[in-house]
Amino acid sequence: MTFEKVSVVGLGLIGGSLAAALRESGEVGEVFGVERDEESLRFALENGITDAGASEIGPGISGSEIVVVATYVDAIAGVAEEISGFVSPGTAVCDVGSVKASIVREMEKGPRNIRFVGAHPIAGKETSGVRESDPGLFSGKRCVVTPVENTSPEALSVVKALFSLVGSEVVEMDPESHDEVFSLVSHLPHAVAYSLVSAVASGGGDRNLFDFSGGGLADFTRIAGSSPEMWAGIFIENRDALLGAIRGFAGKLGEIEKAVASGNVEELAALLREARDSKQNLGE
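Quick summary incoming for the structure in this document. Not measured: the values here are computed from a predicted model. (Residues numbered from 1 in each chain as written. Predicted model: local features only at pLDDT ≥ 70, side-chain atom pairs only at ≥ 80, totals over all residues. Heavy atoms only, no water.)

### What to know about the environment of Ala 80
Considering the arrangement of structural elements, one finds Ala 80 in helix H3 (residues 76-83). When its relative accessible area of 1% is taken as the criterion, Ala 80 is described as buried. As a C-alpha pair, Ala 80 and Ala 70 span 10 residues in sequence and 11 Å in three-dimensional space. Excluding its chain neighbours within four sequence positions, the residues that come into contact with Ala 80 are Met 107, Pro 111 and Ile 114. (Helix = DSSP H or I, 4+ residues; strand = E, 2+ residues; numbered from the N terminus. Buried < 20%, exposed > 50% of the residue type's maximum accessible area, 1.4 Å probe, protein only. Contact = heavy atoms within 4.5 Å.)

### What to know about the packing of helix H9 (residues 239-262) against helix H10 (residues 265-281)
For the pair H9 and H10, the least separation of the axes is 8 Å and the interaxial angle reads 155°. Put simply, H9 runs roughly antiparallel to H10. Remark: the crossing between H9 and H10 carries left-handed chirality. For the pair H9 and H10, the contacting residues are Glu 255, Ile 256, Ala 259, Val 260 and Ser 262 in the first and Glu 267, Leu 268, Leu 271 and Leu 272 in the second. For the contact of H9 with H10, the class distribution of residues is six nonpolar, one polar and two charged. (Axes fitted to C-alpha atoms, helices over the stretch in contact; angles between N-to-C directions. Parallel < 35°, antiparallel > 145°, perpendicular 65-115°, else oblique. Left-handed = near helix turned anticlockwise from the far one by under 90°. Nonpolar A, V, L, I, M, F, W, Y, C, P; charged D, E, K, R; others polar.)

### Quick look at the sheet that holds strand E9 (residues 169-172)
Across the sheet, three strands lie side by side as E7-E8-E9; this open sheet has mixed pairing. At either margin of the open sheet sits one strand with a lone partner, and together these are strand E7 (119-121) and E9. Strand after strand, the sheet turns through a mean of 20° between neighbouring axes, direction not considered. As defined by bridge partners, E7 adjoins strand E8 (residues 142-145) across three bridges and the pair is classed as antiparallel. By the bridge assignment, His 120 is partnered in E8 with Val 144. Seen against the sheet, helix H5 (residues 153-165) touches E7, E8 and E9 and runs at an angle of roughly 145° to E9. (Pairing = 2+ DSSP bridges.)

### Focus: the packing of aromatic side chains
Summed over all chains, the structure comprises one aromatic pair. With centroids separated by 5.9 Å and ring planes inclined at 55°, the aromatic side chains of Trp 231 and Phe 235 adopt a geometry described as tilted. Here Phe 235 and Trp 231 lie together in helix H8 (residues 228-237), a separation of four residues that amounts to about one turn. In this structure, Trp 231 and Phe 235 share a single accessibility class: buried. Cation over ring: Lys 5 sits above Phe 32, and NZ or CZ is 5.1 Å from the ring centre. (Phe/Tyr/Trp six-rings, centres within 6.5 Å; stacked < 30°, edge-to-face > 60°. Lys NZ or Arg CZ within 6 Å of the ring centre and 35° of its normal.)

### Describing the sheet that holds strand E3 (residues 52-54)
Spatially, six strands are ordered E3-E2-E1-E4-E5-E6 in an open sheet, and the strand pairing comes out parallel. Here the strands that pair on one side only, and so sit at the sheet edges, are E3 and strand E6 (114-117). With strand direction ignored, the average angle separating the axes of adjacent strands in the sheet is 20°. As paired elements, strand E4 (residues 66-69) and strand E5 (residues 91-95) share four bridges and run parallel to each other. The residue of E5 that forms the bridge with Ile 66 is Ala 92. Along the sheet face, helix H1 (residues 13-25) touches strand E1 (3-9), strand E2 (28-34) and E4 and points at about 165° away from the line of E2.

### Comments concerning the nonpolar core
By size, the foremost hydrophobic cluster in this structure holds 37 residues, and its most contacted members are Leu 162 and Phe 163. Among the elements of the structure, E1, H1, E2, helix H2 (38-46), E4, E5, E8 and H5 are those that each provide at least two residues to this core. Top element by residues in this core is H1. It accounts for seven residues. Contacts of Phe 163, omitting those with residues within four sequence positions, involve Leu 18, Cys 94, Val 96, Ala 119, Pro 121, Cys 143, Ser 168 and Val 170. Counting 32 residues, the second-largest nonpolar core is a separate cluster that includes Ile 61, Ile 76, Val 104 and Met 107. (Core = buried A, V, L, I, M, F, W, Y, C linked by side-chain atoms within 4.5 Å.)

### Regarding the packing of helix H6 (residues 175-202) against H8
For any two helices packed against each other, the geometry comes down to the angle between their axes and how far apart the axes lie. Where H6 meets H8, the axes come as close as 11 Å, and the angle between the chain directions of the two elements is 125°. Between H6 and H8, the angle is such that the two are oblique. Of the two possible hands of crossing, H6 and H8 adopt the one that is left-handed. Counted together, Ser 186, His 187, His 190, Ala 191 and Tyr 194 of H6 and Pro 228, Trp 231, Ile 234 and Phe 235 of H8 form the full contact between these two elements. Of the residues assigned to the contact of H6 with H8, the class counts are six nonpolar, three polar and no charged.

### Notes on a nonpolar patch on the surface
Taken together, Val 181, Leu 184 and Val 185 make up a surface patch of nonpolar side chains, about 260 Å² in accessible area. Within the secondary structure layout, Leu 184 lies in helix H6. (Patch = residues over 30% accessible without salt bridge, like charges linked within 9 Å, V, L, I, M, F, W, Y side chains within 5 Å. Areas by Shrake-Rupley, 256 points an atom, 1.4 Å probe, with all protein chains shown as cover. Salt bridge = Lys/Arg side-chain N within 4 Å of Asp/Glu carboxyl O.)

Written out as structure tokens, the structure is:
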């Protein structure tokens, strides 16, 4: 058996899916869940997502070899502080947040009796909540861990083992590089999708323009169905990198705007061709 006990704090889509995957692995003696929403906690217990659980952090998490914090990013440091009061000294704690630098910096000042490792499983979907839990969510996906100079090698090994157990390919990256990368490949696309939906919704007058859209708009804006509260926190926590990404995108959109305004078909086609070729070179 790989772990005797793992606790997951926050049983939303990611936390619930991780708990379910750990139980399904057969390599964890007990999966303990903490979820303040009573209905969500009841669903997790009744559907075998966790073995046991509680609505608040307390003695139930004691004995855990690792505690996973699966809350909104702006709550992680505070949750880790609470966890420190109920676990043995040296217990590994990781998060699953989409922002790393600010969290890792905060945790370096945090409780000394836990060993924190930043982690970001690159998995998810636009729906949320424990009812959307999927034990296969992490299989074949990458998980980025972000150790720093003071990170415990033992805790890092524990976190890597945990995500390997649920089928993830674990890679290392420094926190700042992580945030730069994900400002472009994740946070910017969400910002654009939310903005596009707002632009389309406000441009139709009395008509519902989405009734006239094809699959392209639906595909492009699918992620705008994600949790606004969660993404607002991510945007603010990674504001510097995201602002740079937004400005870069605005510049590229401005180039297309100028070419359209000028009526220069050749210039416009060249810009579109450049983007198409870049997409094809990505192999997707």
